[in-house]
Amino acid sequence: MVGEENEGVTLVNEMREENSTKQSTPLHRSVVGSGISSPAPADPIDDEILRSRMEGEDNVDENFGNPTRSTAYIFLLTLAIGGLQISWSTEFSNGTPFLLSLGMSKTVMSLVWIAGPLSGVLVQPVVGMLSDSCMSPFGRRRPFMVGGAAFTTLSLLMLSWSKDIVAGVLGRFTDALTGATQFLAVIMVYVLDFSVGTVQASSRAFIVDNVPIHQQQVANAWAAVLTGVGNMIGFVLGTMNLPKVFPFLGNTQFKCLAVIASLALILSIGLACKYIKEEDPRFDVYLREQRVQRRSILDFFRQTLRGISRLSPQVRLICDTEFFAWTGYFPMLFYTTTYVGEMYYQEVIHARDPSSPQLTSDEIDKLWEAATRYASWSLLFYSLTSLIANLMLPLIIAPSYANPDLAKPSRLRIKWLTLPRSWMLSHIVFALAMLSTFFINTGKQATIMIAVLGIPWAHALWAPFALIAEDIARIKENVRHPNFERFEHEAGIIMGVHNVFVSLPQVLSSLASSIIFKFLAKPRGEEDDNSIVWIFRLSGLGAIVAAYLSTKIKTPDQLTVEDMTFDGLSEEESIDYAEAGPVDGQVRMSREV
């Protein structure tokens, strides 16, 4: 093994000497994965940058590596995700009841919620690629975070004030008021979801860009925790009588929540962009080359398809798992309030004295308001469970990569419980919870089931992002190696592709839900409406497939053996190198450059 290491170091030194004798020769660099090479820019500074990348300095690539970050840094880095989640929780908890209050049917309402998945399919991949090649001196990700936050704030406020806006334009007593309000609300839902998708895509890539590989799990765990905190804040506010507490914010619950969510998003994005600095992309030669290659919107979608074909096996497996998992997550996010609220409504109706007079229209409206508040409590318990899980999971799950700056690991760690295994178990929990709807008959039982769903949701906010981020960092560290050139390593592109795998199943789930609503849904308030229950039950089947796929996700040791096998080593030699540690592995990879 020592001889191999010495030989590797000698070869690297020979390469450096050879490159140093070619300073008079124009450099060429290959466009990663394209199979072609292009002349380097004539600027001598650019040549020097490229030469330094090719030669390396003590096996450290400053462009692809980050120093260990402090807790305060990671908190500010991920703060935007938490602020964004308050806007999401406002839409989740109040969006469906608000649309139904406008007179929409469940079938139409389910089609409106396709806006979110379409954002993932159409908007987020484009945002990821645009931010990858962005040449703004403000950075690659921050311009999209700020722009997306501005449109999110505007659309959320217009959605909550849509009745007032239409009434101010058309007059309060026009027959077209209801239809026009529905039209404006639908437009604002699409603008809102597209804007949220912009912030989401750029913020996730922002995290990947700014932390080293051994802190990717930690950073994404912080993002998950702040997501849980955002949910908690949103749902706690949802249980309060906000127009009474903050009458100056609006005269309805939805209006008050929209104002608070907008302020929280502006504050979180502002702090993250102020204190987390990005490198000026104008001085990155590779980014300038890639920017020239992408010329039209069609090029972006071609790049997405190309990105799918260039995913590493590990990332592709994670994306496949996400595809089936999100067939279940989508109904959980959008129909939970209606499911619990309808059950509470029927309980109250059945508890009334049969000899009592029928409820008036105003009494029915008040009962539905009480049902929505009751459902908000179930969401609060769900977010509390998710937050506790997000806080505990990083302490008990064995990290994929050791942190060299961590003196003492957590004593709570369970050695066999890796992140992929924990993610697999969360899919099983989700499937069992969805299938338990066969036995749920009361609002309290439904609330307990919703609270349990906080466990798989905590994993959904952390596990796939951490695993993908780790693999991106692994590929970046070895990107000059021929075996890794065929894999995509740009965070924006990969996160955009990941969003396609997250969003497509939501589109399919939404379409399937509209069909189920068409045949099973009954008018609001009628008994035996089992449409949402059957949607939940079917979503459990996707979680079972996701659990199976997640068992195939590889550990870092398995990936190391696989990488060494790429180099032509036997399986036994590969295992020897994996056990020898990362230094020997790096030397071996350097030999093939």
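Counting of residues starts from 1 at the beginning of each chain's written sequence and follows it residue by residue. Reporting of local features is limited, given that this is a predicted model, to residues whose pLDDT is at least 70; pairs of side-chain atoms are given and counted only at 80 or more, and all residues count toward the totals for whole chains, interfaces and linings. Side-chain numbers here rest on the full set of heavy atoms in the structure, without hydrogens or water.

Peer 1: Describe the overall build of the chain, and please don't skip the residues or the numbers.
Peer 2: Elements are defined by DSSP. Helices are runs of H or I of four residues or more, strands are runs of E of two residues or more, and each kind is numbered from the N terminus. Looking only at helices and strands, the chain features 24 helices and four strands. Here the chain holds 593 residues, and the buried ones make up 54% of them. In this analysis, two residues are considered to be in contact whenever any of their non-hydrogen atoms come within 4.5 Å of each other. Residue pairs at least 24 apart in sequence account for 79% of intrachain contacts in the chain once pairs closer than 6 positions are excluded. Only protein chains enter the accessibility calculation, which uses a 1.4 Å probe; a residue is then buried when its area is under 20% of its type maximum, exposed when over 50%, and partly exposed in between.

Peer 1: Any chance you could break down the nonpolar core for me, citing the residues and the numbers?
Peer 2: One recurring pattern in soluble globular proteins is that nonpolar side chains are buried together. Judged by nonpolar contacts, the single largest core of 117 residues is most densely connected at Leu 99, Tyr 329, Tyr 335, Tyr 339, Tyr 382, Leu 453 and Trp 457. The greatest single-element share of this core, amounting to 15 residues, is contributed by helix H14 (residues 313–351). Ignoring sequence-local partners within four residues, the contact set of Tyr 329 consists of Trp 423, His 427, Phe 430, Pro 456, Trp 457 and Ala 460. To define a nonpolar core, start from buried Ala, Val, Leu, Ile, Met, Phe, Trp, Tyr and Cys residues and group those joined through side-chain atoms within 4.5 Å.

Peer 1: Give a description of the environment of Ser 136 that names residues and reports values.
Peer 2: Within the fold, Ser 136 resides in the loop between helix H5 (115–132) and helix H6 (142–160). Spatially, the C-alpha atoms of Ser 136 and Asp 280 are 7.3 Å apart, while their sequence positions differ by 144 residues. Excluding residues within four positions of it along the chain, Ser 136 makes contact with Pro 143, Asp 280 and Pro 281. A distance of 3.1 Å separates the side chain of Ser 136 from the backbone nitrogen of Phe 138, its partner in a polar contact. Whenever a nitrogen or oxygen atom comes within 3.5 Å of another N or O atom, the pair is scored as a polar contact, on the condition that within protein one atom can donate a hydrogen and the other can accept it, and that pairs from neighbouring residues in sequence are kept only if both atoms are in side chains.

Peer 1: I'd like a rundown of the confidence of the model for the chain, residues and numbers included.
Peer 2: Residue-level pLDDT values for the chain average 77, and 77% of them are 70 or greater. Here strand S1 (residues 28–30) stands out as the element of the chain with the lowest mean pLDDT, 31, in contrast to helix H16 (residues 419–435), whose mean of 95 is the highest. A residue's pLDDT is the predictor's confidence in that residue, given on a scale from 0 to 100. Here residues 1–64 scores under 50 on pLDDT; set against residues more than four positions off or in separate chains, the count is 81 contacts. Contacts from residues 581–593, a stretch scored under 50 in pLDDT, to residues over four places away or in other chains number 29 contacts.

Peer 1: Outline empty space enclosed by the protein, listing residues and values.
Peer 2: Rolling a probe over the atoms, with the probe sized like a water molecule, indicates the empty space that remains. Within this scheme a cavity is a closed region of a 1 Å grid, computed over the protein atoms alone, that accommodates a 1.4 Å probe without allowing it to escape, whereas a pocket is open but has protein on both sides within 12 Å along at least five of seven lines; lining residues each have an atom within 4 Å of a point. Grid points are joined across faces, edges and corners, and a volume is the space filled by probe spheres set on the points. Tallied over the entire structure, the rule returns six cavities of 30 Å³ or more. Of the pockets and cavities examined, the largest cavity occupies roughly 420 Å³. The wall of the largest cavity is formed by 29 residues, among which Trp 88, Gln 200, Trp 326, Trp 457 and Val 502 lie closest to the centre. Looking at the lining of the largest cavity, the elements with two or more residues in it are helix H3 (71–101), H5, helix H8 (177–210), H14, helix H18 (454–477) and helix H20 (491–520). Here the residues of the lining of the largest cavity sort into 14 nonpolar, 12 polar and three charged. Taken together, Thr 96, Pro 97, Leu 100, Thr 337, Thr 338, Gly 341, Glu 342, Trp 368, Ala 371, Thr 372 and Arg 524 form the lining of the second largest cavity. The set of elements that each furnish at least two residues to the lining of the second largest cavity consists of H3, H14 and helix H15 (361–396). Classification convention: Asp, Glu, Lys, Arg as charged; Ala, Val, Leu, Ile, Met, Phe, Trp, Tyr, Cys, Pro as nonpolar; all other residues, Gly among them, as polar.

Peer 1: Account for the layout of surface pockets, with residues named and values stated.
Peer 2: In this structure, the second largest pocket occupies an estimated 840 Å³ of space. Asn 94, Thr 252, Gln 253, Phe 254 and Glu 369 are the residues nearest the centre of the second largest pocket, which is lined by 24 residues in total. At the level of secondary structure, the elements contributing two or more residues to the lining of the second largest pocket comprise H3, helix H7 (162–170), helix H11 (253–275) and H15. Per-element tally for the lining of the second largest pocket: the top contributor is H15, with six residues. Of the residues contributing to the lining of the second largest pocket, the split by class is six nonpolar, 11 polar and seven charged.

Peer 1: Please provide a residue-by-residue account of a nonpolar patch on the surface, values included.
Peer 2: Judged by side-chain polarity, Leu 435, Phe 438, Phe 439, Ile 515, Phe 519, Leu 520, Trp 534, Leu 538, Leu 541 and Ile 544 come together as a nonpolar surface patch covering roughly 1,000 Å² of accessible area. Listed by contribution, the elements that provide at least two residues to the nonpolar patch are H20 and helix H21 (531–550). Structurally, Leu 541 is set in helix H21. Patch criteria: residues need more than 30% relative accessible area and no salt bridge. Like-charged residues are merged within 9 Å; nonpolar side chains of Val, Leu, Ile, Met, Phe, Trp and Tyr are merged within 5 Å. Shrake-Rupley sampling with a 1.4 Å probe provides the accessible areas, and residues are treated as covered by the protein chains on show and by no other component. Each reported salt bridge corresponds to a side-chain nitrogen of Lys or Arg within 4 Å of a carboxyl oxygen of Asp or Glu.

Peer 1: Please give an account of the packing of aromatic side chains that cites residues and values.
Peer 2: Any pair of Phe, Tyr and Trp rings, taking the six-membered ring for Trp, is counted once the centres come within 6.5 Å. Such a pair is stacked with planes under 30 degrees apart, edge-to-face with planes over 60 apart, and tilted for the rest. By the definition in use, this model includes 17 aromatic pairs. For the ring pair Trp 326 and Tyr 329, a centre distance of 5.2 Å and an interplane angle of 90° mean the geometry is edge-to-face. With a gap of three residues between them, Trp 326 and Tyr 329 both fall in helix H14, about one helical turn apart. This pair shows no difference in class: Trp 326 is buried, exactly as Tyr 329 is. Seen from their ring centres, Phe 438 and Trp 534 are 5.8 Å apart, and the 90° between their planes marks the pair as edge-to-face. One end of the pair, Phe 438, is in the loop between H16 and helix H17 (443–452); the other, Trp 534, is in helix H21, with 96 residues separating them in the sequence. Using a relative accessible area of 45% as the deciding quantity, one classes Phe 438 as partly exposed. Among the aromatic residues, those joined into a ring-pair cluster are Trp 113, Phe 330, Phe 334, Tyr 335 and Phe 517. Think of it as a cone above the ring: NZ of Lys or CZ of Arg counts as a charge over the ring if it is within 6 Å of the ring centre and within 35 degrees of the ring normal. When the ring centre of Phe 138 is taken as origin, the NZ or CZ atom of Arg 142, which lies over that ring, is 4.2 Å away. One residue, Arg 537, lies across the ring of Trp 534, its end atom 4.6 Å from the ring centre.

Peer 1: I'd like to hear about the environment of Thr 153, residue by residue, with values.
Peer 2: Structurally, the position occupied by Thr 153 is in helix H6. Overall, the relative accessible area of 13% leaves Thr 153 in the buried class. Not counting residues within four places of it along the chain, the set of residues in contact with Thr 153 comprises Ser 262, Leu 265 and Ile 266.

Peer 1: Account for the pattern of salt bridges, naming residues and giving values.
Peer 2: On inspection of all chains with the given rule, the structure shows eight salt bridges. Note that Asp 164 is salt-bridged to Lys 255, the shortest N-O span being 2.7 Å. With Asp 164 in helix H7 and Lys 255 in helix H11, the pair connects residues that are 91 residues apart, well separated along the chain. With relative accessibility at 30%, the residue Asp 164 sits in the partly exposed group.

Peer 1: Requested: an account of the packing of H3 against H11, with residues and values cited.
Peer 2: Helix axes are fitted to C-alpha atoms over the stretch in contact, other axes to C-alpha atoms as well, and angles between N-to-C directions run from 0 to 180 degrees. Close contact between H3 and H11 brings their axes to 7 Å; oriented N to C, the two are set at 165°. When the axes of H3 and H11 are compared, the pair comes out roughly antiparallel. Note on packing geometry: the crossing formed by H3 with H11 is left-handed. Judged by residue contacts, Leu 76, Leu 79, Ala 80, Gly 83, Leu 84, Ile 86, Ser 87, Thr 90, Asn 94 and Phe 98 of H3 engage Gln 253, Phe 254, Leu 257, Ala 258, Ala 261, Ala 264, Leu 265, Ser 268, Ile 269, Leu 271, Ala 272 and Tyr 275 from H11. By residue class, the composition of the contact of H3 with H11 is 16 nonpolar, six polar and no charged. Throughout this description, any angle smaller than 35 degrees is read as roughly parallel, any larger than 145 degrees as roughly antiparallel, any in the 65 to 115 degree range as roughly perpendicular, and the remainder as oblique. Take the far helix as the reference: if the near one is turned anticlockwise from it by less than a right angle, the crossing is left-handed, and if turned clockwise, right-handed.

Peer 1: Requested: an account of the environment of Leu 79, with residues and values cited.
Peer 2: Tracing the backbone shows Leu 79 in helix H3. For Leu 79, a relative accessible area of 14% gives the class buried. When near neighbours in sequence (up to four residues on either side) are disregarded, Leu 79 contacts Leu 226, Ser 268 and Leu 271.

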